[in-house]
Amino acid sequence: MNLTIDVSHKDNNVTYLTLAGEVDAFTAPKLKDTILPLTKEEGQTVEVDFEQVNYMDSTGLGVFISALKSTKEHGTELRLLHMQERVYRLFKITGLTEIMNIDSTVQGGM
Amino acid sequence: MSTLKLDLENYKELLQEYIRSKDEQALYQAEQFSKQSMQQKISPDEIINIHIQSLQEIYPEMPEYIQSSLNFLLETMISYGLAYQEHQSLREKQLELKSEISVAANMQKTLLSTVKPEIEEVEVGALSVPAKQMNGDYHHFVYDEKGTLGIAVADVIGKGVPAALCMSMIKYSMDSFPEMRMDPSVILGSLNRVVERNVDSSMFITMFYGLYDSRDHTFTYSSAGHEPGFYYHKDQGEFEEIDVPGLVLGVSAETTYTQYVKEVEKGDMIVLLTDGVTECRQGERFIEQEEVLDVIKSYADLPAQEIVDQVYKHFERLQGFQLRDDFTLIILRRNV
């Protein structure tokens, strides 16, 4: 499986990433290269749409942990939206739902 | 023609024979020629050169434009030949790396080895299978004379060599803790600070730490974002999820961990695992958690070590089974 990353700008301060496919050890580096620079731009909010992500492994989680750390460092914001249940479970188990801004309207099954 | 010589004469004869007879035998010989060329690291452009020379000898009257077109082909193939040589030398390097990694994997096995304790009161079964050569899962047992058994199960994000190096760091930090009985929440808190300081920002570790007290049969545990384990009630034949909140190690230095206690009844089991178990796939299909539990249950009457072995064998036998991540399964059972 592949991952497609679509970058669009809602307005000047919000970058909207639409992901589709699987986030795993093969696709995570590309995602990291896209997302990390965005979290370093002052005043930016990065929104990530997970609606079409049907699988993510711990490597993918690592990307979002780095992104979160980077937002703290640079005073930017990260929001994760429209997660499917299987992906949400990963954030929940690892305790990240407590410290990340994750849209709670979880999408049904797989 | 019994022995095949890699020379112009030989190639010329083959070519001539083929042009005359269109015989399959000559094609077969050509294939042999090509295989031997590979063995002797003769590049594709050299073979084309031999072809051009043979043609010139067979057809001295060859038209000028054919001659030019063949020279053109020769030039085109030169860079292909270079790429081919590079490919060959990369293959050799790859073999070298492979053998280095297997040395490292063996070293890791020695460094991270743990002895499964044999205790009368509580029976232990443990199995860890790496998806690649090096294992990013880690489990460790510590047993003291007072009768407490400490069990750590950890999974470092990512796979392969970086994960393995990271695991060794965890193991040595744990070894450096003072030898008194340590609470799981304290252990995870200390490790969290070690990982937070030392590891790259996208790396993290999940860990479950439990202490089994064989005198009063209590199980005290904390979890740092680790895959939930299960408690098996023998009487009801049912599993209960050991769902413990706690952030993964290495995200924030201030994280603290809560500790829980559970009384373990005779015959009941504690099942600890890593996400390699719950993320197994059969073809494109995920193997669901309930399936894993059903399989464990079906072997519940066996000795603990046999249960974990049989569970892995069960999944390994499935058609199209692939191990995407390191697989670790540990079972503790109260015996008396």
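Residues numbered from 1 in each chain as written. Chains lettered and ligands numbered in written order. Predicted model: local features only at pLDDT ≥ 70, side-chain atom pairs only at ≥ 80, totals over all residues. Heavy atoms only, no water.

Draft legend 1. Examining the packing of helix H8 (residues 289-298) of chain B against helix H9 (residues 304-317) of chain B more closely. Residues and elements named next belong to chain B. As a packed pair, H8 and H9 sit with axes 9 Å apart at the nearest point and diverge in direction by 130°. When the axes of H8 and H9 are compared, the pair comes out oblique. Both H8 and H9 take part in a crossing whose hand is right-handed. Counting all contacts with H8, which are made through Glu291, Val292, Val295 and Ile296, the residues of H9 involved are Ile307, Val311, His314 and Phe315. (Axes fitted to C-alpha atoms, helices over the stretch in contact; angles between N-to-C directions. Helix = DSSP H or I, 4+ residues; strand = E, 2+ residues; numbered from the N terminus. Parallel < 35°, antiparallel > 145°, perpendicular 65-115°, else oblique. Left-handed = near helix turned anticlockwise from the far one by under 90°. Contact = heavy atoms within 4.5 Å.)

Draft legend 2. Highlighting the nonpolar core. Core analysis: the largest hydrophobic core is formed by 59 residues, its most contacted members being A:Val48, A:Phe50, A:Phe64, A:Leu80 and A:Phe91. In terms of nonpolar packing, the next biggest core, distinct from the first, is built from 26 residues, B:Val277, B:Tyr299, B:Phe327 and B:Ile331 among them. (Core = buried A, V, L, I, M, F, W, Y, C linked by side-chain atoms within 4.5 Å. Buried < 20%, exposed > 50% of the residue type's maximum accessible area, 1.4 Å probe, protein only.)

Draft legend 3. Quick look at the interface of chain B and chain A. At the interface, 25 residues of chain B touch 22 residues of chain A. Buried area between chain B and chain A, summed over both chains or domains, comes out near 1,900 Å², and the portion from carbon and sulfur atoms is 51%. Its largest share of buried area at the contact with chain A, chain B owes to B:Ser201, B:Val251 and B:Phe286, together 24% of the area lost on that side. Where chain B packs against chain A, one counts one salt bridge. Within the side of chain B that touches chain A, the residues separate by chemical class into seven nonpolar, nine polar and nine charged. (Buried area = accessible area lost by both parts, 1.4 Å probe. Salt bridge = Lys/Arg side-chain N within 4 Å of Asp/Glu carboxyl O. Nonpolar A, V, L, I, M, F, W, Y, C, P; charged D, E, K, R; others polar.)

Draft legend 4. Layout of unusual backbone geometry. Residues and elements named next belong to chain B. For Lys22, which is not glycine, the phi torsion reads 50° and is therefore positive. By the element assignment, Lys22 lies in the loop between helix H1 (8-21) and helix H2 (24-39). Residue class for Lys22 comes out exposed when judged on its relative accessible area of 58%. Despite not being glycine, Lys41 has its phi angle at roughly 60°, a positive value. Tracing the backbone shows Lys41 in the loop between H2 and helix H3 (44-58).

Draft legend 5. Highlighting the packing of H1(B) against H2(B). All names here are of chain B. The interhelical angle for the contact between H1 and H2, taken along N-to-C directions, is 150°, at an axis separation of 9 Å. Comparing the axis directions of H1 and H2 gives the class roughly antiparallel. Seen along the crossing, H1 lies across H2 with a hand that is left-handed. Between H1 and H2, the residues in contact are Asn10, Tyr11, Leu14, Glu17 and Tyr18 and Ala26, Leu27, Gln29, Ala30 and Phe33, respectively.

Draft legend 6. How the structure looks around the sheet that holds strand S5 (residues 218-224) of chain B. Residue and element names in this part refer to chain B. Strand order in the open sheet formed by five strands is S2-S3-S4-S5-S8, and the pairing between neighbours is antiparallel. The two strands at the open ends of the sheet, each matched to only one other strand, are strand S2 (137-143) and strand S8 (260-263). Direction aside, neighbouring strands of the sheet carry axes that sit 15° apart on average. Relative to S5, strand S4 (residues 205-213) runs antiparallel, the two sharing seven bridges. Within the sheet, the bridge partner assigned to Leu211 lies in S5 and is Thr220. (Pairing = 2+ DSSP bridges.)

Draft legend 7. Here's a closer look at H9(B). An ideal rise of 1.5 Å per residue puts 20 Å on 14 residues; H9(B) measures up with 20 Å between its terminal C-alpha atoms. Looking at the buried residues of H9(B), the elements they touch are strand S1 (122-129), strand S9 (269-273), H8, strand S12 (321-322) and strand S13 (327-334) of chain B. (Expected span 1.5 Å × (residues − 1).)

Draft legend 8. Summary view of the pairing of S2(B). All names here are of chain B. With five of seven residues buried, S2 lies mostly within the body of the structure. Here S2 runs beside strand S3 (residues 148-156); their pairing, made up of seven bridges, is antiparallel. The partner of Tyr143 across the bridge, within S3, is Leu149. The hairpin formed by S2 and S3 contains four residues between the paired strands, and Gly147 there has a positive phi angle of roughly 100°.

Draft legend 9. Here's a closer look at the packing of aromatic side chains. All names here are of chain B. In this structure the tally under the stated criterion is 12 aromatic pairs over all chains. Where Phe208 meets Tyr221, the ring centres are 5.7 Å apart and the plane angle is 15°; that geometry is what we call stacked. A residue pair is termed long-range when its members are at least 10 positions apart, and Phe208 in strand S4 and Tyr221 in strand S5 qualify at 13 residues. Here Phe208 matches Tyr221 in class, with each residue buried. Grouping aromatic residues by their ring pairs yields a cluster made of Phe208, Tyr212, Phe219, Tyr221 and Tyr260. A cation sits over an aromatic face here: Lys171 above Tyr172, 6.0 Å from the ring centre. The ring of Tyr231 carries Lys262 above its face, with NZ or CZ at 4.6 Å from the centroid. (Phe/Tyr/Trp six-rings, centres within 6.5 Å; stacked < 30°, edge-to-face > 60°. Lys NZ or Arg CZ within 6 Å of the ring centre and 35° of its normal.)

Draft legend 10. How the structure looks around the pattern of salt bridges. Under the counting rule described, the total for this entry stands at 12 salt bridges over all chains. A salt bridge links B:Lys41 to B:Glu92, with the shortest nitrogen-to-oxygen separation between them at 3.2 Å. Separated by 51 residues along the polypeptide, B:Lys41 in the loop between H2 and H3 and B:Glu92 in helix H4 (residues 64-111) bring together distant segments of the chain. Relative accessible area serves as the criterion here: at 41%, B:Glu92 is assigned to the partly exposed category. Linking B:Arg215 and B:Asp213 is a salt bridge whose minimum nitrogen-to-oxygen distance equals 3.0 Å. A network of salt bridges, in which partner residues are shared, links A:Glu47, A:Glu77 and A:Arg79.

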